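So you can see what is in the structure, the chains are spelled out below.
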Amino acid sequence: MLFDTLVTMGGLQLNAVLGLSYNWLGKGACSIAAVLFVTFGPLQRAEVGFCMPIRWRGAYLWVLLGLMVFAVMFAPDLQVGAESFGYQLTMPGIAEELTYRGILLALLLRIYGNDARAMWLAALVTSVAFACIHDLDFHGKRIICPPGPFAFHFAMGMFFAWIRLSTGSLLMPILAHNLYNTAAEMGGLWRLAAGQVAARAASARAVWAVSARPITPVPRGWPSNDRPSARVEVTDY
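Every chain is numbered on its own, with residues counted from 1 as its sequence reads. Given that the model is predicted, a residue must reach a pLDDT of at least 70 before its local features are reported, and side-chain atom pairs must reach 80 or more before they are shown or counted; all residues, however, enter totals for whole chains, interfaces and linings. Each side-chain value is worked out from all heavy atoms of the structure, with water and hydrogens disregarded.

Undergrad: What is the right way to read the overall build of the chain from this model?
TA: Helix numbering and strand numbering both begin at the N terminus, where a helix is a DSSP run of H or I of at least 4 residues and a strand a DSSP run of E of at least 2. Regarding its fold elements, the chain presents nine helices and two strands. For the chain, the sequential pattern of α-helices and β-strands runs α-α-α-α-α-α-α-β-β-α-α. Burial here depends on accessible area, computed with a 1.4 Å probe over protein chains only, as a share of the maximum for the residue type. Under 20% is buried, over 50% is exposed, and the range in between is partly exposed. Among the 237 residues that make up the chain, the fraction classed as buried is 34%. Here a residue-residue contact requires only that any non-hydrogen atoms of the pair lie within 4.5 Å. Taking the contacts inside the chain whose residues are at least 6 apart along the sequence as the reference set, 73% of them involve residues at least 24 apart. Total accessible area on the chain stands at roughly 14,800 Å², and carbon and sulfur atoms take up 69% of it. Methods summary: accessible areas were calculated by the Shrake-Rupley approach with a probe of 1.4 Å, and residue burial reflects only the protein chains presented.

The structure is reproduced here in structure tokens:
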């Protein structure tokens with residue numbers, strides 16, 4: 001993820017060339033660097049989770065379903081569009097899971113061991129790092145970290161780490177991560193459509209209220225509210 005940040009800060013963005021709105025180059029370069037590290041580095045592929053799931057629990061499906069419902073209803077609106085759907089369906093889960101639940105988790109387990117206590121500690125550290133990269137912001141000498149989003153991303157990091165350690169594979173956390181992001185995108189699209197329908201309904205109600213208002217005849221010479229009248233002309237009826 002540091003590589004991703006350096007690429008972003010260095011301005012080596014594919015956006016300028018192709019007119020894209022998302023950090024495809026940063027996430028792609030981060031993913032390639034992670035794969036190269038696993039291929040030529042000290043870690044074994046099974047340690048990082050480069051294998052098929054060896055265990056499965058039905059609880060994963062229910063927790064993921066709850067996260068997706070939450071994303072549809074309450075997640076912040078994302079930029080809706082074809083590029084956004086493609087990006088959220090692929091890049092964040094691949095790059096971030098390779099980094100946090102893949103390489104970083106495997107390195108921590110090498111340091112702490114493979115017992116239950118070491119797994120919990122490694123999951124906590126990776127989840128804190130995952131939340132920091134999403135919510136920690138620097139404004140001059142001030143550090144801003146909203147507690148609500150930080151707690152949410154920390155909980156998501158723990159959930160993804162739980163899937164990774166339980167299944168022994170990165171495949172399931174990558175799928176869960178991308179499915180959550182895509183659900184958030186669909187929620188933004190749904191809220192956008194609902195807002196447009198509500199706005200049209202409100203506009204229609206306003207037009208109906210104006211058109212249905214009874215028209216009161218105004219006698220000749222009555223002063224108009226639309227323009228100043230210097231003299232009132234009285235007419236006998």
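Undergrad: It is not clear to me how the packing of helix 6 (residues 82-112) against helix 7 (residues 116-135) should be interpreted in this structure. Could you clarify?
TA: Only the stretch in contact is used when a helix axis is fitted, and all axes are lines through C-alpha atoms; the angle between N-to-C directions ranges over 0 to 180 degrees. For the pair helix 6 and helix 7, interaxial distance at closest approach is 9 Å and the crossing angle is 145°. Helix 6 and helix 7 meet at a crossing whose hand is right-handed. When helix 6 is examined against helix 7, the residues Glu96, Tyr100, Arg101, Leu104, Leu105, Leu108, Leu109 and Tyr112 are found in contact with a partner set consisting of Ala118, Met119, Leu121, Ala122, Ala123, Val125, Thr126, Ala129, Phe130, Ile133 and His134. With the far helix as reference, a near helix turned anticlockwise by less than a right angle produces a left-handed crossing, and one turned clockwise produces a right-handed crossing.

Undergrad: Please clarify how the pattern of salt bridges should be interpreted in this entry.
TA: Pairing between side chains of opposite charge can happen when their charged atoms approach one another. We define a salt bridge as a contact between a side-chain nitrogen of Lys or Arg and a carboxyl oxygen of Asp or Glu at a distance within 4 Å. Counting across every chain of the model gives three salt bridges. Arg101 serves as the salt-bridge partner of Glu97, at 2.7 Å between the closest nitrogen and oxygen. Here Arg101 and Glu97 lie together in helix 6, a separation of four residues that amounts to about one turn. Of the two residues, Glu97 and Arg101, both sit in the buried class.

Undergrad: Any chance you could explain helix 3 (residues 24-40) here in plain terms?
TA: Taking 1.5 Å per residue, 17 residues should reach 24 Å; helix 3 reaches 24 Å between its end C-alpha atoms and fits that length. Taken residue by residue, helix 3 has Gly26, Lys27, Gly28, Ala29, Cys30, Ser31, Ala34 and Val38 as its buried positions. By definition here, a helix of n residues has an expected span of 1.5 Å times n minus one.

Undergrad: Please clarify how the side chain of Asp135 should be interpreted in this entry.
TA: In this fold, Asp135 is placed in helix 7. Note on charges: Lys and Arg go in the positive column, Asp and Glu in the negative column, and His and the chain ends are not counted at all. Buried and unpaired, Asp135 has no salt bridge, with Arg101 as the nearest side chain of opposite charge at 11 Å. Residues in contact with Asp135, not counting those within four places in the same chain, are Ile144, Cys145, Pro146, Pro149, Phe150 and His153.

Undergrad: How do you make sense of the confidence of the model for the chain when you look at a structure like this?
TA: Keep in mind that low pLDDT regions are not for reading the predicted coordinates in detail. Chain-level statistics for the chain give a pLDDT mean of 78 and a share of 64% at 70 or above. The quantity called pLDDT is the predictor's confidence in a given residue, expressed from 0 to 100. Between residues 227-237, whose pLDDT stays under 50, and residues either more than four places distant or in other chains, the model counts eight contacts.

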